[in-house]
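Overview (structure and organization)
So you can see what is in the structure, the chains are spelled out below.
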Amino acid sequence: MKALLSSRPALWFLFLFNLAVAAVAPFAIDGTQGLMTSAGMGIVSLGAGTGLLRSRGQRA
């Protein structure tokens, strides 16, 4: 499972999908639930972005 989640296509999907959901969630879901959804998805997106940057540094 770790190999699948650390592959570049999976990281790009996680990064872009969660970033899009984090941007839309406060407008689609009212109140605290929308803000918490946005924060959670943003954290996952940042983690995937960090993984992309780390793999880029190892490749160079």
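Conventions and cut-offs
Numbering of residues begins from 1 in every chain and follows the order in which that chain's sequence is written. Totals for whole chains, interfaces and linings use every residue, but because this is a predicted model, local features are given only for residues with pLDDT of at least 70 and side-chain atom pairs only at 80 or more, for both listing and counting. The side-chain figures draw on all heavy atoms in the structure; neither hydrogens nor water molecules are used. What goes into a patch is any residue over 30% in relative accessible area without a salt bridge, connected to like charges within 9 Å or, for nonpolar side chains (Val, Leu, Ile, Met, Phe, Trp, Tyr), within 5 Å. Residue exposure ignores everything except the shown protein chains as possible cover, and the areas themselves are Shrake-Rupley values with a 1.4 Å probe. Think of a salt bridge as a Lys or Arg side-chain nitrogen and an Asp or Glu carboxyl oxygen that are within 4 Å of each other. Buried, partly exposed and exposed residues are distinguished by accessible area as a fraction of the type maximum, computed with a 1.4 Å probe on protein chains only: under 20%, between the cut-offs, and over 50%, respectively. A run of H or I in DSSP counts as a helix once it spans at least four residues, and a run of E counts as a strand once it spans at least two, with each numbered from the N terminus. The span you would expect from a helix comes to 1.5 Å times its residue count less one. The bend reported for a residue corresponds to the angle between axes fitted to the seven residues ending at that residue and the seven starting there. By the criterion applied in these results, polar contacts are pairs of N or O atoms within 3.5 Å in which, for protein atoms, one can donate a hydrogen and the other can accept it, and in which residues neighboring in sequence qualify only through two side-chain atoms. In this analysis, two residues are considered to be in contact whenever any of their non-hydrogen atoms come within 4.5 Å of each other. Stacked, tilted and edge-to-face pairs are distinguished by plane angle, under 30 degrees for stacked and over 60 for edge-to-face with tilted covering the rest, among Phe, Tyr and Trp rings (Trp via its six-membered ring) whose centres lie within 6.5 Å.

Turning our eyes to something else, we now look at a nonpolar patch on the surface. Taken together, Met1, Leu4 and Leu5 make up a surface patch of nonpolar side chains, about 360 Å² in accessible area. On the basis of relative accessible area, Met1 is assigned to the exposed category, the value being 75%.

It is worth spelling out helix α2 (residues 8-28) at this point. If you check α2, its first and last C-alpha atoms are 29 Å apart, about what 21 residues at 1.5 Å a residue would give, namely 30 Å. Where α2 bends most, the angle comes to about 25 degrees, and this point is Ala22, followed within four residues by the proline Pro26. For α2, the full list of buried residues reads Ala10, Leu11, Asn18, Ala22 and Ala25.

Once that is clear, we can look at the side chain of Ser38. Relative to the assigned elements, Ser38 resides in helix α3 (residues 31-59). A polar atom in the side chain of Ser38 sits 2.7 Å from the backbone oxygen of Ala22. Here Ser38 is in contact with Ala22, Ala25 and Pro26, once residues within four sequence places are set aside.

A word on the packing of aromatic side chains. By the definition in use, this model includes two aromatic pairs. Summarising the aromatic geometry, the rings of Trp12 and Phe15 are spaced 6.1 Å apart at their centres and angled 80 degrees between planes, so their arrangement reads as edge-to-face. Of the two residues, Trp12 and Phe15 are both situated in helix α2; the distance of three residues between them amounts to about one turn of the helix. On the basis of relative accessibility, which here comes to 23%, the residue Phe15 falls in the partly exposed class.

What follows deals with the environment of Asn18. Mapped onto the fold, Asn18 is located in helix α2. Exposure remark for Asn18: the relative accessible area of 6% places this residue in the buried category. In sequence terms Asn18 and Ile43 are 25 residues apart; their C-alpha atoms lie 8.7 Å from each other. For Asn18, the contacting residues outside a window of four places in its chain are Phe13, Met41, Val44 and Ser45.

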